[in-house]
Amino acid sequence: MKKLLFIAFSIFIILGISGCTSNSNQVNYKNHVYIYCDNPNLETVSNINSIATKIGDIQGSNLYSINGNSTGDWIYLSNQSMSDSPVGLYKSSKLKMSLNIFSPNNITIHSMSISEQPQLVYETDQNDKISVVISKISNGKKISKSESEKIKMQKEYKIEFKSSKFPHLVYTYDYAESTDGRCIVSFGNDTFEIDSLSQFL
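Only a predicted model underlies this, so the values are computations on that prediction, with no experimental measurement involved. (Residues numbered from 1 in each chain as written. Predicted model: local features only at pLDDT ≥ 70, side-chain atom pairs only at ≥ 80, totals over all residues. Heavy atoms only, no water.)

Enquirer: Is there a simple way to think about the environment of Lys94 in this case?
Expert: By the secondary structure assignment, Lys94 is in the loop between β8 (88–92) and α2 (99–102). For the pair Lys94 and Gly72, spaced 22 residues apart in sequence, the C-alpha separation works out to 9.5 Å. (Helix = DSSP H or I, 4+ residues; strand = E, 2+ residues; numbered from the N terminus.)

Enquirer: What am I meant to see in the side chain of Asn106 here?
Expert: Among the secondary structure elements, Asn106 is positioned in strand β9 (residues 106–113). At 3.3 Å, the side chain of Asn106 forms a polar contact with the side chain of Glu123. Beyond its immediate stretch of four places on either side in the chain, Asn106 contacts Glu123, Thr124, Asp125, Ile130, Glu160, Phe161 and Lys162. (Polar contact = N/O pair within 3.5 Å; in protein donor to acceptor, adjacent residues only side chain to side chain. Contact = heavy atoms within 4.5 Å.)

Enquirer: Hey, could you run me through helix α3 (residues 127–138) in this one?
Expert: Because each turn of an α-helix spans 3.6 residues, side chains separated by three or four positions in sequence point in the same direction. With 12 residues, α3 extends 16 Å between its outermost C-alpha atoms, agreeing within 8% with the 16 Å of an ideal straight helix rising 1.5 Å per residue. Three or more residues of α3 are buried, namely Ile130, Val133, Ile134, Lys136 and Ile137. Down the axis of α3, the sector holding all buried residues measures 165°, keeping them to one side. Projecting away from the buried face of α3 at angles above 90 degrees are the exposed residues Asn127 and Asp128. In this structure, the buried residues of α3 make contact with α2, β9, β10 (116–124), β12 (153–162) and β13 (169–178). (Expected span 1.5 Å × (residues − 1). Buried < 20%, exposed > 50% of the residue type's maximum accessible area, 1.4 Å probe, protein only. Arc of directions from axis to C-beta.)

Enquirer: How do you make sense of the packing of aromatic side chains when you look at a structure like this?
Expert: Aromatic ring pairs are described here by two measures, namely the spacing of the ring centres and the angle between the planes. For the structure on display, the rule yields 10 aromatic pairs. For the ring pair Trp74 and Phe166, a centre distance of 6.2 Å and an interplane angle of 80° mean the geometry is edge-to-face. Linking Trp74 in strand β7 (residues 74–78) with Phe166 in the loop between β12 and β13, this pair joins segments that are 92 residues apart in sequence. Classification of Phe166 as buried rests on a relative accessible area of 10%. (Phe/Tyr/Trp six-rings, centres within 6.5 Å; stacked < 30°, edge-to-face > 60°.)

Enquirer: Quick question: what am I supposed to make of the nonpolar core here?
Expert: Grouped burial of nonpolar side chains is what soluble globular proteins tend to show. Leu42, Trp74, Ile159, Phe161, Leu169, Tyr173 and Ile194 are the most contacted members of the largest nonpolar core, which has 35 residues in total. Looking at this core, the elements that each hand over two or more residues are β6 (61–66), β7, α2, β9, α3, β12, β13 and β14 (183–187). Contacts of Tyr173, omitting those with residues within four sequence positions, involve Asn39, Leu99, Ile137, Tyr157, Lys158, Ile159, Phe161, Val185, Ser186 and Phe187. Counting residues in hydrophobic clusters, the runner-up holds eight residues, among them Val27, Tyr29, Tyr34 and Tyr90. (Core = buried A, V, L, I, M, F, W, Y, C linked by side-chain atoms within 4.5 Å.)

Enquirer: What is the right way to look at the side chain of Thr191 in this model?
Expert: The topology assignment puts Thr191 in strand β15 (residues 190–193). On the basis of relative accessibility, which here comes to 11%, the residue Thr191 falls in the buried class.

Enquirer: I would appreciate a short explanation of the pattern of salt bridges in the present structure.
Expert: Should their charged atoms come close, side chains of opposite charge can pair. Counted under the stated rule, the structure contains six salt bridges. Taking the shortest distance from any N to any O, the salt bridge between Lys54 and Asp57 comes out at 3.5 Å. According to the relative accessible area criterion, Lys54 is partly exposed, its value standing at 45%. Two residues, Asp190 and Lys142, come together in a salt bridge whose shortest N-O distance is 3.1 Å. Remark: Lys142 occurs in strand β11 (residues 141–143) and Asp190 occurs in strand β15; sequence separation between them is 48 residues. Residue Asp190 is classed as partly exposed on the basis of its relative accessible area, which comes to 25%. A residue is classified by how much of its surface remains accessible, and Lys142, at 53% relative accessible area, is exposed. A cluster of three or more residues bridged by salt bridges with shared partners is formed by Glu147, Arg182 and Glu193. (Salt bridge = Lys/Arg side-chain N within 4 Å of Asp/Glu carboxyl O.)

Enquirer: What exactly am I supposed to notice about unusual backbone geometry here?
Expert: The phi torsion of most residues other than glycine is negative, and most of the peptide bonds are trans. Geometrically, the link from Asn39 to Pro40 is a cis peptide bond, its omega value of 10° lying close to zero. Here Pro40 is to be found in the loop between β3 (32–36) and β4 (41–42). For Lys30, which is not glycine, the phi dihedral falls at a positive 50°. The class of Lys30 is exposed, set by a relative accessible area of 55%. The phi torsion at Asn31 lies on the positive side, around 65°, for a residue other than glycine. Structurally, Asn31 can be placed in the loop between β2 (26–29) and β3. The exposed category is assigned to Asn31, whose relative accessible area is 84%.

Below is the structure:
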C-alpha cells in the first residue's frame, strides 16, 4: 500500500513540475486549459518549423507556439509515434472563435478531383466578396448525415479562409454541388445546405 501511495505521489509531483496534463480533447499547460480545435487548423504541418516554434513537451508530444499568435490562445502538438499522446491544434478554453470572429481577409477555392491535382478556381481579398461567402455558409441549413449520404455530388471544391489576425491558421470547408442543383458545405461531422456559390466558380 505504501508503495502504491509513493508511486501516485511521484506522478503527482512530476505533473506539478511540468505544469501540464492532457487527454485527447483537452490539455493543461502553465495554468491554461486548451481544447482540441478541428477548424481552423494550421496552414501546413509538413513543415511545422517554418510557422511554429517548439517550446516544450506534453506527455510525449512536441509542444509548439504558432508564430504571430499568442501562446495563451493557441498551441500545436505534434507526435510522430503511434502512441495516444495528444496531437493537433488546441485553442484556449477562454477564446471564443467562429468564422466571423476569425475575420478572414483572403479566400481561395480549389476544385477537387480524384484524377487531378486540386485546381485554383477563385481567390480574392475583397471584403465584400468574402462577406458574401461567409454569409451563405453561416446561414446554411443543417442536414443529417443520412440525408447528406443520399445526395449525388457532381462537383466538389475546397474553400479556405485566411486571416491576418491569426497568421498561419486556416478555416477549411468542403463544398459540393449535386446533380439536382443542391449545394452542400461540410466540415468535420457537420453538413449544411447553402445557397449556391456558383458566382465564384
